[in-house]
Structures are given as structure tokens and as C-alpha cells.
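Chain by chain, the residues run as shown.
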Amino acid sequence: MTTDATRFVYDAASAVDPLGDLEQEAEKAAKHNRAKVGSGRPSSLLYTYGPGSIMDLPQFTIMSTGLDDWDRIWRRRDAAPPQIHAPRLREVVRMLLRSPDVQLRPHPWQPKRLSLSTEGNDLGVPARVFPQWLRCTGCDTLGLISQFDYRNTHPFRTDLACFEHTKCTGRAGKRTGKAARRPAVPARYLLACADGHLDEFPYELWVHRGQPCSQAQHPALKMVDRTAGKGASAVIHCGACDMKRPMNEAQGEAGKTKLPRCRGRHPHLDAFEPKGCGNETRLMLVGASNLWFPATQSIIVMPESQQEKASDLADRIRTTLGEKLAKYRNNLDMIRDLLDGSLEVAHLSDEELEVAVEAAAAPTVTPEEQEEQIRDWDPVDLLVPEWRYLLKDFFGARDEDEKSGLTLSKRDRDHALQPEITRVLAVERLRKVNALVGFTRIDDMDRVGDLPRRLAPLTRTPRPAWTVATEDRGEGIFLQLDETGVAAWEERVLATDLWEAHRAAHERNFARRFSETAANVKADSRLKPPRYWLIHTFAHVLIRELAITCGYSAASLSERLYAWPAAEGREPAAGLLICTTASDSDGTLGGLVQLSEPARLQHVVANALEKAARCSSDPVCSMRTPQDPEDFLHGAACHCCVMASETSCERANRFLERRFLIDLPGSDLGFFTLHE
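Heads up: these notes are all about the structure in this document. (Residues numbered from 1 in each chain as written. Predicted model: local features only at pLDDT ≥ 70, side-chain atom pairs only at ≥ 80, totals over all residues. Heavy atoms only, no water.)

1. Comments concerning the overall build of the protein chain
In terms of regular secondary structure, the protein chain is built from 19 helices and 24 strands. Here the C-alpha atoms of the protein chain give a radius of gyration of 28 Å, agreeing with the 26 Å that 2.2 N^0.38 yields for 676 residues. If one aligns the C-alpha atoms of the protein chain with their principal axes, the spans along those axes are about 85 × 75 × 50 Å. Per-residue burial over the protein chain gives 49% buried out of 676 residues. Intrachain contacts of the protein chain at a sequence separation of at least 6 include 70% that bridge at least 24 residues. Only carbon and sulfur atoms are counted for the fraction: they give 51% of the accessible area of the protein chain, which is about 33400 Å². Separation between the mean location of the 88 positive side-chain charges and that of the 96 negative ones in the protein chain comes to 9 Å. (Helix = DSSP H or I, 4+ residues; strand = E, 2+ residues; numbered from the N terminus. Rg over C-alpha atoms; globule rule 2.2 N^0.38 Å. Buried < 20%, exposed > 50% of the residue type's maximum accessible area, 1.4 Å probe, protein only. Contact = heavy atoms within 4.5 Å. Areas by Shrake-Rupley, 256 points an atom, 1.4 Å probe, with all protein chains shown as cover. Lys, Arg positive; Asp, Glu negative; His and termini not counted. Charge placed at Lys NZ, Arg CZ, Asp CG, Glu CD.)

Here you go:
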């Protein structure tokens, strides 16, 4: 099949701005219905419905646009867009986006003090209707969005916003003779490629097998679908030449040969790849779970060290002064005047300011050095400062840092608490910042990280000026395990046949992964060490038990794991933080922190380990070991005993093994010992 290879040129005048004509229409005294058609929480707009994803509204679907269009929303405000202060995360995001001046900004939203007030109505996430092929539910007419009318008449009923076929006469055999208005729904088929491109399905070319219709230039199409829930069950019918073709021909490996090559389209950017694409395409459904995978980085904000403060000051001087920095770098008085009101530099001496200016004027890394940094970067680097701070001894029973919002309290160990747990902290308040660096399609970032081109961009510009981030506040419990015991246990596990079976399964899994560069990377370098499996499994059983007592659902609790052996410049870590956070409030209710009290925590840990000893799927679950050709990345773990929801687990329920946690029948590799 051939397709139209025309490249669309982006026109700035056509950028998405739902309220762009508001001022002009107000001058004309024209009235328009500006009713909302949907909304989403900040966390869902980052992890589920970010730029390039498809959001289901009650009657149709929309796609959030690229960040270039978000700038038009921000420019309505005279003040500069707000920024989220997280220097440690910002530096990593800049490196991954290959842009030296990236800022972290929240979603364009403002809360209302009164439910009926108009404040914040000029802000919102821009989006466009996608896909733009719709099907009439009354007569099965398949057409572009221009063939249907949009209706949204109720300002407080977003579910009533819909597209309608105004002249629907019903299906054959059921025609009433008079036209009626019938709702139209999105035609649910799309084309996607492994490099993150997404395109409308070419229905007209499909039904005519790559050729134009012999009877009409713009033939009337119908999508006849008499069954539901059975994949691509629809049939495309041309009303002009009476040709038909079922959609199930496009499914599977055989269907790939019948689909057109990828045109390199990024619908969220209104643009195509300049050099095209040409990859094989794959048939996708609008609601498919593998249509959009976010690539995010996150940190728990800790009090900044002196080095971090100096680096942040230098960065702010550089971004504030811009080109003026090189011109006035030797004139400190002029620098102070230029920075007056922008930064707090009045308290700095001339020597301190000179050091900061020199650091700000230092040359940036070359593109070659930047690529080397990305190759050598390990996500664990974001966790190391957190681990180090959580291990610090502080005066008194409580440590509170106003700037970072982190509040820690020491907790005594109950005499019956597992001796393998050496340190307990109640994290009464914490701030977590999450930033989006791109997204992938078909496979998540964890599986395509070796191939940078598969990370779809968020902007049309190669070097974005900012990216969207969220700021969550909440509470948690931190537990540290005995490092000496963990190291000895880990050495024992590494010599077992069970670990060799997991290692071999991971190698098979890695070789079969989607990334083309998997053959050039050692699989063992990506295999998590035994201590990670141990701490990961422990975190899951704790989440299950905590949810029963703390008042939060298991899906609202998440893990943050500190589990790595000693390496160059990095001390070993063995601990975990179970936390709950919320992005749309000042924090949480304290129910999780209360369970860090000695007696309560001992009860939670004992119950969690006791329940982990049994599974309703035993003995199958307790004896599960991957054998060739199996490539699953867990052992004695299933949804009945250990696995958690995707919002709780940072590894998609991989690297779990109850036999590493406690002794099970036939295995003596458990790290924890159960009290009789």
C-alpha cells in the first residue's frame, strides 16, 4: 500500500490556543460557549495523559499538545511563569534533554478560591481532538471531523460535549425517512511506530487496497462493527464502489506487510520528522495501554549542601544575565545592579560574588562530552544524596528543614522488631518533584533506553527551554537494613543455582527486548543485584500490610528503594522509603507516619513477613523458577502474595522473590527470620 508522503509545515498562526481569540471576540461583543470539556489531576497529566498521549473524554478523545503550544497559554500572564525549585533534578533533566537552560514548570493551572469565580480561566493545558476520524453511531458513517457538528451547551456538564452527525438517516433496513442528530465517536484505529510516531489510519487507502476509488474522488465510507471486545472486528465499506475490507487483516505479523510505512508524524507537535521515518507501522487502538509511556525522573527534595547551593546560584546568575554576563563579568557593581531584585546577592561579599560569577561564566560542556555524560549516567546517582542524608545523625528527636519541606523524626526500635532492621525514621513531611523528559510508544523507556531516538520529543525545538513537572507533598516511613548482614547474605545468594536461573532468564529477556542495541550491551550490567530483589520484595509486602492499617489504599502508597552494592565513589545502600504523596493538597493525613511508632511498626513488619510465607497459589508460586526458554523476571511472587499496583511499584513488578525474603519450603535463602 502506498500513502501520501506530503510533509506538513508547521504554521505558528495555527498553534493550539483554545482561548486565543477571546480578546477579539470580546471586542465584537460575540458570545461563545467556553464550557470545559474535561479535566485531570496533575499526576495523571504527567504519568498518563502527558503531551502526545490520548485522553478519553465522555464523548470523544483529545491529545495534549507539545510544550511549544503551552507557552502561548503562559504568555497571557504578565508575570514570568512559576518555576519548581529542584536543582538536583533540574541538572539531570538538562543533561537528558541536551539543553543547558531547561526550567521545571508546573502545569498551567490556578486554583479557584470560590467555585464560581473566573480566576484561572485563562489557563489550561492545550489539546486537540485526536483522532480526527469519527464514526456516526446511528448510520456508521466514517469521516473526518469536518463532516460533524460540535455541541457543548451546558457550562457545568462536561459529559454533554460531543460531535454529532446532523443528517443521520439510520442504518440500512432501519431507516425512518427523516434525518436526526446522532452522536459520533472516535474511529478507534491508529498507526504507530517504534520511534514514537503516531498517525491516523488511512481508511480510504485501506479499503481500496492502496489505490484511489474508481467511482468518486471523495467516497463516502462506513465502519460497520457488529461485535465488541474482539480486537479489530470492524469492516470498512466504500459506498461509492461497494468495496469492503475487514480491519482484522491489519493485525499481527501478517498484517504488518499490508500496512504503509511510517511517515514520521508527531501529531502533538503538528509536525513530521524532517528526514522522514520509513519504519514498519503497527495497528494500535485508541485506548491501548502501550500507546504512550512517560519517561520521567523524580527526587525527594533534601536540604541542599553548600556545593549544591553554590552551583544553583551560579546557574541562576547565568540564566538571569544571559549575554550580559560575558560583557560585565569583571564589573561586580554592574553585576549587582543587574541582579537587583532578581536574586538575593546583597548578602554576598565581593569575593563570594566573584566566585559565583566565575562559575556562571565557565564554558558549557561540548556535545561530545554531553553524550558521554548521558552514556555514563546511572539513575542511582539521583538516589545517592537522599540515602546519605537519611543516614545522617541529627540533634534531638526531630529534624525540620523549612526550605526543602523535609521533616524527619527518630523512632526507637521495638525490642521485638526484626533485628535485621537497624534504623527507623518517620518522614513526617516530604516534597517529591517529578519531571517529564519525553515519552515512548509500543515499549516503555526502560526497554528502549539504549536507543535515544526512540524517545519522542516534547517540543519542536531541539533544545527546549522548559519541561513540565509536578510537586507532590506527603509523608512516609524509612527503614534501613543491616549492611553487614545484607552483604553476607548477598554473597551467599550469588553462588546459588536459583540466582543463576534468574540471571539466565534476565539475559534471555534482555536479548528479546525491543531495543536494537540490546546486542551491544551486557545484560548483566542491567540486572539488579540480589539486595535489590530482597528490598523490593520487602517493600511490596509492607505496602500490602500498611494499606490495611494506615487508611490509605495500597495504590496510593509507593516505594523508593535504596539498594546497591559498593562502587567507585558510592557507598553501599540497603534501605527503603514507603511514602504517600498528593499533588493537589498541602500534604496527607498522617496515618502512615503513625505506623512508624515502635509497637505498631513491629506489628506491621511481623504480619507482613508472616503473610509472605503463604500464598494461595502455593506450592506453584513458592517453587516458581524460570527455565529456558522462559524469560520472566520474578520467582516466588504473584498477584496473590507480593505483586502491587503499577502506581506503587517502580519496576513494573519485576525483580521480586519471596525466597530471598524468608525461608520457604525447599529453600533456605531467606534474609529475615520469623519469630516463633
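2. As for the packing of aromatic side chains
Within this structure, the stated rule accounts for 22 aromatic pairs. Look at Trp-70 and Trp-466: their rings are 6.0 Å apart centre to centre, the planes differ by 55°, and that puts the pair in the tilted class. Of the two residues, Trp-70 sits in helix α3 (residues 67-74) while Trp-466 sits in strand β22 (residues 466-481), which places them 396 residues apart along the sequence. A relative accessible area of 1% places Trp-70 in the buried class. For Trp-466, a relative accessible area of 3% puts it in the buried group. Measuring from centroid to centroid gives 5.9 Å for Trp-387 and Phe-478, while their planes differ by 65°, and the two rings are edge-to-face. Of this pair, Trp-387 sits in helix α12 (residues 380-390) while Phe-478 sits in strand β22, placing them 91 residues apart in sequence. The exposure class assigned to Trp-387 is buried, which follows from its relative accessible area of 2%. Classification of Phe-478 as buried rests on a relative accessible area of 0%. Grouping aromatic residues by their ring pairs yields a cluster made of Trp-489, Trp-499, Tyr-532, Trp-533, Phe-538, Phe-655, Phe-660, Phe-671 and Phe-672. For Arg-245, the ring lying beneath its charged end belongs to Trp-206, and the centroid distance is 3.7 Å. (Phe/Tyr/Trp six-rings, centres within 6.5 Å; stacked < 30°, edge-to-face > 60°. Lys NZ or Arg CZ within 6 Å of the ring centre and 35° of its normal.)

3. Describing the nonpolar core
Leu-481, Phe-538 and Phe-672 are the most contacted members of the largest nonpolar core, which totals 57 residues. Of all the elements, helix α16 (residues 530-550) adds the most residues to this core, at twelve residues. Apart from the residues lying within four places of it in its own chain, the contact partners of Leu-481 are Glu-420, Ile-421, Thr-422, Val-486, Leu-534, Ile-535, Phe-538, Ala-574, Gly-575, Phe-671 and Phe-672. (Core = buried A, V, L, I, M, F, W, Y, C linked by side-chain atoms within 4.5 Å.)

4. Brief notes about the environment of Asn-152
If you trace the backbone, Asn-152 turns up in the loop between β7 (149-151) and β8 (162-168). Along the primary structure Asn-152 and Asp-315 are separated by 163 residues, whereas in three dimensions their C-alpha atoms are 47 Å apart.

5. What about the packing of helix α7 (residues 306-321) against helix α10 (residues 350-361)?
Interhelical geometry of α7 versus α10 gives an angle of 65° and a closest axis separation of 8 Å. Between α7 and α10, the angle falls in the class roughly perpendicular. The two elements α7 and α10 cross, and the hand of that crossing is right-handed. Judged by residue contacts, Leu-313, Ala-314, Ile-317 and Arg-318 of α7 engage Leu-353, Ala-356, Ala-359 and Ala-360 from α10. Here the contact of α7 with α10 is built from residues that sort into seven nonpolar, no polar and one charged. (Axes fitted to C-alpha atoms, helices over the stretch in contact; angles between N-to-C directions. Parallel < 35°, antiparallel > 145°, perpendicular 65-115°, else oblique. Left-handed = near helix turned anticlockwise from the far one by under 90°. Nonpolar A, V, L, I, M, F, W, Y, C, P; charged D, E, K, R; others polar.)

6. A word on the pairing of β8
Among the seven residues that make up β8, five are buried, leaving the element largely enclosed by the rest of the structure. With three bridges joining them, β7 and β8 adopt antiparallel strand pairing. Residue pairing across strands places Tyr-150 opposite Phe-163, the latter belonging to β8. Across four bridges, the pairing between β8 and strand β9 (residues 180-186) is antiparallel. Residue pairing for β9: His-165 is matched across the bridge by Arg-182. (Pairing = 2+ DSSP bridges.)

7. Here's the deal with the pairing of strand β13 (residues 235-238)
Bridge analysis of strand β12 (residues 221-224) against β13 gives four bridges, and the strand direction is antiparallel. Each bridged residue has a counterpart across the sheet, and for Val-224 the counterpart in β13 is Val-235. Bridge analysis of β13 against strand β14 (residues 244-246) gives three bridges, and the strand direction is antiparallel. Across the sheet, residue Val-235 finds its bridge partner in β14, namely Pro-246. The turn joining β13 and β14, which pair antiparallel and follow one another in sequence, is formed by five residues; a positive phi near 65° is taken by Asp-242.

Scope: geometric values only; no functional claims are made or implied.
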